[in-house]
Amino acid sequence: MISLLLFKQIAQLFLAMLVGFCLVRCGLLKPKDSRVLSVVALYAALPCVIIESFQMDCTPEMVQGLLLALLSAVLIHLVMFLLTYLLRRPLRLHPVEQASVVYSNANNLIIPIVSAILGSQWLIYINMFVIVQLPLLWSHCRILLSGERTVSVRKILLNVNILSILLGGALFFLGISLPPVITGTMTSIGSMLGTLSMLVAGMLMGGVDFRRLFTSLGIWKAAFLRLVAIPLVLLVLLKYSGLARLVPDGETILLVSFLSAITPSASAVTQIAQVYSSDGEYAGSINVVTTLLCIVTMPLIIALYQL
């Protein structure tokens, strides 16, 4: 049942992406115009969703659930790091391909999906995945793509997602409830996240040379690892590890973590590649292919997970 709901929700998001694609291909907008929508999504809609997700009662069961989500996020990343390290030489994985395999698009795509198929009360657990992934993105991923060995702790801590999680977490543990007028505004702004993100993806896709997508073996190699191979390994780990029995609602919490891990490659990989290396276009091509294919792979993987 969840896999069918997932397919329906992804299909709706893809229609929004198609609108963005058509706006560019019809000459009404340019791919670079997507930056405005990206800023609105990153600095307005996403923080609102994150902070509002913490507006819940701080109960022992909730804290246990957050710890399980954090543990599963750490295990998932360890597995992805290990598999990528073991396969990088046999498969001759380029640094961009390695980063695209390890890092998933756990924010912009998963938040509207989880909210639609499970309910907004489960969004809080996505934050545990994000709080593990983001420091790695701006340390390991940047080092991998740039060759530099320095890490900016300041840049990690001042990331808008980290700041939103810290603020939301503080409100959660202190038991502070925001006034309805504020949470209502946050709900209204946050509801735009999925649509904005997919419009941006579609607009960027409108400027892609699709001939390259079908002629590069590396793109499809990275897509297979990101959307099929690693999700199947994680499926076995999470389904048969017994972790779900540790806390109430453990199965649903692990499902949220699993959904976060099987998404397309992170758009942040493309951004980092554009800034720190000359492979931004290649990273963007991998992101495009994995985004297009996930409408099929994600529902199928979830269907297997629920067997």
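In what follows, the structure referred to is the one given above.
Calculation notes
- The residue numbers shown here count from 1 along each chain, following its written sequence.
- With pLDDT at 70 or above as the cut-off, local features in this predicted model cover only qualifying residues; side-chain atom pairs require 80 or more to be listed or tallied, and sums for whole chains, interfaces and linings still use all residues.
- To get the side-chain values, take all heavy atoms of the structure and skip hydrogens and water.
- Strands are runs of DSSP state E lasting at least 2 residues, helices are runs of H or I lasting at least 4, and numbering of each runs from the N terminus.
- Here the globule rule reads 2.2 Å times residues to the power 0.38, and the radius of gyration is calculated from C-alpha atoms.
- Relative accessibility under 20% of the residue-type maximum defines a buried residue, over 50% an exposed one, and the middle range a partly exposed one, all with a 1.4 Å probe and only protein chains included.
- Any two residues whose heavy atoms approach within 4.5 Å are treated as being in contact.
- Note that accessible areas follow from Shrake-Rupley with a 1.4 Å probe, and for residues the cover is restricted to the protein chains shown.
- Positive charge is attributed to Lys and Arg, negative charge to Asp and Glu, and no charge count is given to His or to the chain ends.
- Charged side chains are reduced to one point each, which is NZ for Lys, CZ for Arg, CG for Asp and CD for Glu.
- What a helix should span is 1.5 Å times the count of its residues minus one.
- We call a set of buried residues a nonpolar core when its members are Ala, Val, Leu, Ile, Met, Phe, Trp, Tyr or Cys and they connect through side-chain atoms within 4.5 Å of each other.
- Classification of ring pairs rests on two measures: the distance between centres of Phe, Tyr or Trp rings, Trp counted by its six-membered ring, which must be within 6.5 Å, and the angle between planes, read as stacked under 30 degrees, edge-to-face over 60 and tilted in between.
- Placement of a charge over a ring requires the Lys NZ or Arg CZ to be within 6 Å of the ring centre, with the centre-to-atom vector within 35 degrees of the ring normal.
- Under this scheme, a helix contributes an axis fitted over its contacting stretch, all axes are lines through C-alpha atoms, and angles between N-to-C directions fall in the 0 to 180 degree range.
- We call two directions roughly parallel when the angle between them is under 35 degrees, roughly antiparallel when it is over 145, roughly perpendicular when it lies between 65 and 115, and oblique otherwise.
- Should the near helix be turned anticlockwise from the far one by less than a right angle, the crossing is termed left-handed; should it be turned clockwise, right-handed.
- Throughout this entry, Asp, Glu, Lys and Arg are counted as charged residues, while Ala, Val, Leu, Ile, Met, Phe, Trp, Tyr, Cys and Pro are counted as nonpolar. The remaining residues, Gly among them, count as polar.

Draft legend 1. Just the overall build of the protein, in detail. The number of helices and strands found in the protein is 15 helices and zero strands. For 307 residues, the compact-globule estimate of 2.2 N^0.38 gives 19 Å, and the C-alpha radius of gyration of the protein, at 19 Å, lies within 12% of that figure. With the C-alpha coordinates of the protein rotated into their principal frame, the extents come out at 50 × 45 × 45 Å. Evaluated residue by residue, the protein yields a buried proportion of 52% over its 307 residues. Within the protein, residue pairs in contact and separated by at least 24 positions form 85% of the contacts whose partners lie at least 6 positions apart. By element, 67% of the accessible surface of the protein is carried by carbon and sulfur atoms, the whole surface being about 14,200 Å². Charge separation in the protein, taken as the distance between the mean sites of 18 positive and 11 negative side-chain charges, equals 11 Å.

Draft legend 2. Spatial organisation of helix 10 (residues 193-205). When the terminal C-alpha atoms of helix 10 are compared, their 18 Å separation across 13 residues agrees well with the 18 Å that a helix rising 1.5 Å per residue should span. Considered for burial, the residues of helix 10 that qualify are Leu-193, Gly-194, Leu-196, Ser-197, Met-198, Leu-199, Val-200, Ala-201, Gly-202, Met-203 and Met-205. Looking at the packing, one finds that the buried side of helix 10 touches helix 1 (2-25), helix 2 (34-53), helix 5 (110-117), helix 9 (180-190), helix 11 (210-213) and helix 15 (280-305).

Draft legend 3. Quick peek at unusual backbone geometry. For Arg-92, which is not glycine, the phi torsion reads 55° and is therefore positive. In this structure, Arg-92 sits in the loop between helix 3 (60-87) and helix 4 (95-102). For Arg-92, a relative accessible area of 73% corresponds to the exposed category. Positive phi, close to 60°, is recorded for Asp-249, a residue that is not glycine. Counting through the fold element by element, Asp-249 comes out in the loop between helix 12 (217-240) and helix 13 (250-261).

Draft legend 4. Structural view of the nonpolar core. Judged by nonpolar contacts, the single largest core of 95 residues is most densely connected at Val-114, Tyr-125, Leu-137, Phe-258, Leu-259, Val-269 and Met-298. It is helix 15 that provides the largest number of residues to this core, a total of eleven residues. Excluding anything up to four places from it in sequence, Leu-259 contacts Leu-6, Ile-110, Val-114, Ile-117, Met-298 and Ile-302.

Draft legend 5. Fine view of the packing of aromatic side chains. Evaluated as defined, the whole model comprises six aromatic pairs. Aromatic side chains Phe-258 and Tyr-305 sit 4.8 Å apart centroid to centroid with 20° between the ring planes, which places their arrangement in the stacked category. One end of the pair, Phe-258, is in helix 13; the other, Tyr-305, is in helix 15, and 47 residues separate them in sequence. Both residues of the pair, Phe-258 and Tyr-305, count as buried. Just above the ring of Tyr-305 sits the side chain of Lys-239; from NZ or CZ to the centre is 5.6 Å.

Draft legend 6. Main features of the side chain of Asn-127. Position of Asn-127 relative to the elements: it lies in helix 6 (residues 126-146). For Asn-127, a relative accessible area of 3% translates into the label buried. Once you skip the residues sitting within four places of it in the chain, Asn-127 turns out to touch Ile-50, Ser-53, Phe-54 and Ile-165.

Draft legend 7. Layout of the packing of helix 1 against helix 5. Running from N to C, helix 1 and helix 5 point in directions that differ by 135°, and their axes come no closer than 10 Å. Looking at the two axes, helix 1 sits oblique to helix 5. Seen from above, helix 1 lies across helix 5 with right-handed handedness. Touching Ile-2, Leu-5, Leu-6, Gln-9, Ile-10 and Leu-13 of helix 1 are Pro-112, Ile-113, Ala-116 and Ile-117, all from helix 5. Residues of the contact of helix 1 with helix 5, tallied by class, amount to nine nonpolar, one polar and no charged.

Draft legend 8. Representation of the packing of helix 3 against helix 4 in the model. Closest axis-to-axis distance for the helix 3/helix 4 pair is 9 Å, and the angle between their directions is 150°. By the angle between their axes, helix 3 is roughly antiparallel relative to helix 4. Along this stretch, helix 3 crosses helix 4, giving a crossing that reads as right-handed. Contacts between helix 3 and helix 4 involve Met-80, Phe-81 and Thr-84 on the former and, on the latter, Gln-98, Val-101 and Val-102. Residues that form the contact of helix 3 with helix 4 fall into these classes: four nonpolar, two polar and no charged.

Draft legend 9. Highlighting helix 4. A large share of helix 4 lies buried, amounting to seven of its eight residues. Those residues of helix 4 hidden inside the fold are in contact with helix 3, helix 6, helix 12, helix 14 (267-276) and helix 15.

Draft legend 10. Examining the side chain of Ser-285 more closely. Here Ser-285 shows up in helix 15. The exposure class of Ser-285 is buried, given its relative accessible area of 4%. With near-sequence residues (within four places) excluded, Ser-285 lies in contact with Arg-212, Leu-213 and Ile-219.

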